[in-house]
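# Residue-level structural notes
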Amino acid sequence: MKKIRDKLKSCNEYKAIKTSLKSAVYDSLYPVDFERNWADLINQFNLQSNDWLAGLYKERHRWVPAFVKDTFWAGMSTTQRSESMNAFFDGYVHSNTTLKEFVGQYENALRKKVQKEEEADAHSLNFQIQKVSPYGFEDQFQQAYTIGKCKQFREQVAQTIGCNLTTGPVVNGISQFYIEQDILVGKKKNLFKTCNFLVHFNEESAETNCNCRLFESKGMVCSHMISVWSKKKLEAVPDKYILRRWMKNLVRSHTKIKVSYVNWERKPEFARYDSLLGLFNEAADNAIYSIAKTDRMAARLREIKAENALYDEECLSNMPTVGDVQNDLESFQDKSYTVGDPSKGPRRGRPPTKRKQSMTEQIIRNNTKSNKRVQCSCANATSIPDVEVHTHGAGFHEIVMQESENVIGWNNAFEILLMLLIQDRM
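Residues numbered from 1 in each chain as written. Predicted model: local features only at pLDDT ≥ 70, side-chain atom pairs only at ≥ 80, totals over all residues. Heavy atoms only, no water.

### Concerning the confidence of the model for the protein
Per-residue pLDDT for the protein has a mean of 77; in total, 70% of the residues score no lower than 70. Under a pLDDT of 50 for its full length, residues 331-340 has, in the predicted model, 22 contacts with residues more than four places off or in other chains. pLDDT under 50 marks residues 379-410. Its contacts with residues more than four places away, or in other chains, come to 48 contacts. (pLDDT = per-residue confidence, 0-100. Contact = heavy atoms within 4.5 Å.)

Here it is, written out as structure tokens:
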């Protein structure tokens, strides 16, 4: 869609085509709606012979939101991976970075990323953003999600202002709600368009589904579902609407791997993990050769896991604070692990001072330097004639002597004459 201007700017009704094309792609809730809107677009502007649009329509199952919104993408786009990799190495490598430099800068980039993640995790555990609604389900999201995800949830709550909710029929315990929402189209001209959505709400389990499919594709509840929850005055929503991947107290498995760019020794949770891992390995080695021992050990581990789940508050009280993370980073930087800028590569092309010079240019340059030295040391020197070389037609050279106070010397004149004769013979 970013190539619309390059591909369709030659059309007479370019602006109208662009508006209709975006409406067909982004405003179609179902594949049937897209098929109908696309056909109307092609027939209205006589675009049957446009190869670019024909190619887009052929691949519609791979990029049109109406076809892919039932698949969970976690908010990722097609070019986001390459853009994130470029931003990841920005400031660390360049086009002239050697392989040896890349290895060191790669660790520096990873170390910096770990530092930012630890600071963000500590900030999410110790701070909360302000609520924008009086309902209890917002507290549920704030206590579970990171600050970044809470801000996205708050944006959806703010969008409920433009939603007009109408109650529909109730069929088999499933209530229907019709929502008419005003969506901002142009920020400069404050243009709005009205879109209609349908939300189904289970009165018994509070399970909610919306045909915009925002939660199914991006994992974030939409403003239409929040409008229904506000209408029902829910204090809590089902746990399925809070994804584990964005919880603030999530323990990532890869963080327990020892690497050179993480200050492993200063983290007490890592030391406790190593201790438990050693005990588990010894017990597992003793139990794997007996079915009875294996079953008994697995049963005890399940009991311990269930018992520890009842004391999650103790785990939250031991979570690191922002000050702890900053102290760890400062001590880690004291060990000369600071992230440095990449070395600047050489400029392209031959530098002007390294240009190959002819013998005549070299002699003249040396004479200029010797003139400066002689003028400083021989202020009372006898006047000696200077040398000027005049070139006539057919390559004939004439040396003219002139009286001057500048001391050049006769040897330089003979050197110039000798070089001119050598160049003539070559």
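### Thoughts on helix α12 (residues 223-232)
With eight of 10 residues buried, α12 lies mostly within the body of the structure. Lys 233 sits one or two positions beyond α12 and adopts a positive phi of about 55 degrees. (Buried < 20%, exposed > 50% of the residue type's maximum accessible area, 1.4 Å probe, protein only. Helix = DSSP H or I, 4+ residues; strand = E, 2+ residues; numbered from the N terminus.)

### A short note on the nonpolar core
Within the largest apolar cluster, 35 residues are counted, with the highest numbers of intra-cluster contacts made by Phe 141, Tyr 145, Phe 153, Val 221, Met 225 and Trp 229. Of all the secondary structure elements, the ones that give two or more residues to this core are α9 (136-144), α10 (147-159), β2 (174-186), β3 (191-202), α11 (214-218) and α12. Setting aside anything within four residues of it in sequence, one finds Phe 153 in contact with Phe 137, Glu 138, Phe 141, Met 220, Val 221 and Ile 226. Ranked by size, the runner-up nonpolar core spans 17 residues in total, among them Phe 34, Phe 45, Trp 52 and Val 64. (Core = buried A, V, L, I, M, F, W, Y, C linked by side-chain atoms within 4.5 Å.)

### Focus on the pattern of salt bridges
Considering all chains together, one arrives at 11 salt bridges under this definition. The shortest N-O distance in the salt bridge between Glu 59 and Arg 62 comes to 3.3 Å. For Arg 62, a relative accessible area of 68% corresponds to the exposed category. Ionic pairing is found between Asp 70 and Arg 213, a salt bridge with its closest N-O pair at 2.8 Å. Of this pair, Asp 70 sits in the loop between α6 (65-68) and α7 (80-88) while Arg 213 sits in the loop between β4 (208-210) and α11, and the two are 143 residues apart along the sequence. When its relative accessible area of 51% is taken as the criterion, Asp 70 is described as exposed. On the accessibility criterion, Arg 213 (23% relative accessible area) is partly exposed. Taken together, the salt bridges that share partners define one network made up of Asp 70, Arg 213 and Glu 216. (Salt bridge = Lys/Arg side-chain N within 4 Å of Asp/Glu carboxyl O.)

### Section: unusual backbone geometry
Although it is not a glycine, Asn 172 sits at a positive phi angle of roughly 55 degrees. Position of Asn 172 relative to the elements: it lies in the loop between β1 (163-171) and β2. You will see that Lys 233, though not glycine, has its phi angle at about 55 degrees, which is positive. You can see Lys 233 is positioned in the loop between α12 and α13 (268-287). Looking at Lys 233, the relative accessible area reads 58%, which means it is exposed.

### Considering the packing of helix α2 (residues 14-26) against helix α3 (residues 31-45)
Following both chains from N to C, one finds α2 and α3 inclined at 165 degrees, their axes separated by 9 Å at the closest point. As far as their axial angle goes, α3 and α2 are roughly antiparallel. Considering the relative orientation of α2 and α3, their crossing is left-handed. Facing Ala 16, Ile 17, Ser 20, Leu 21, Ala 24 and Val 25 of α2, the residues of α3 in contact are Phe 34, Asn 37, Trp 38, Leu 41 and Phe 45. Its residues placed into classes, the contact of α2 with α3 shows nine nonpolar, two polar and no charged. (Axes fitted to C-alpha atoms, helices over the stretch in contact; angles between N-to-C directions. Parallel < 35°, antiparallel > 145°, perpendicular 65-115°, else oblique. Left-handed = near helix turned anticlockwise from the far one by under 90°. Nonpolar A, V, L, I, M, F, W, Y, C, P; charged D, E, K, R; others polar.)

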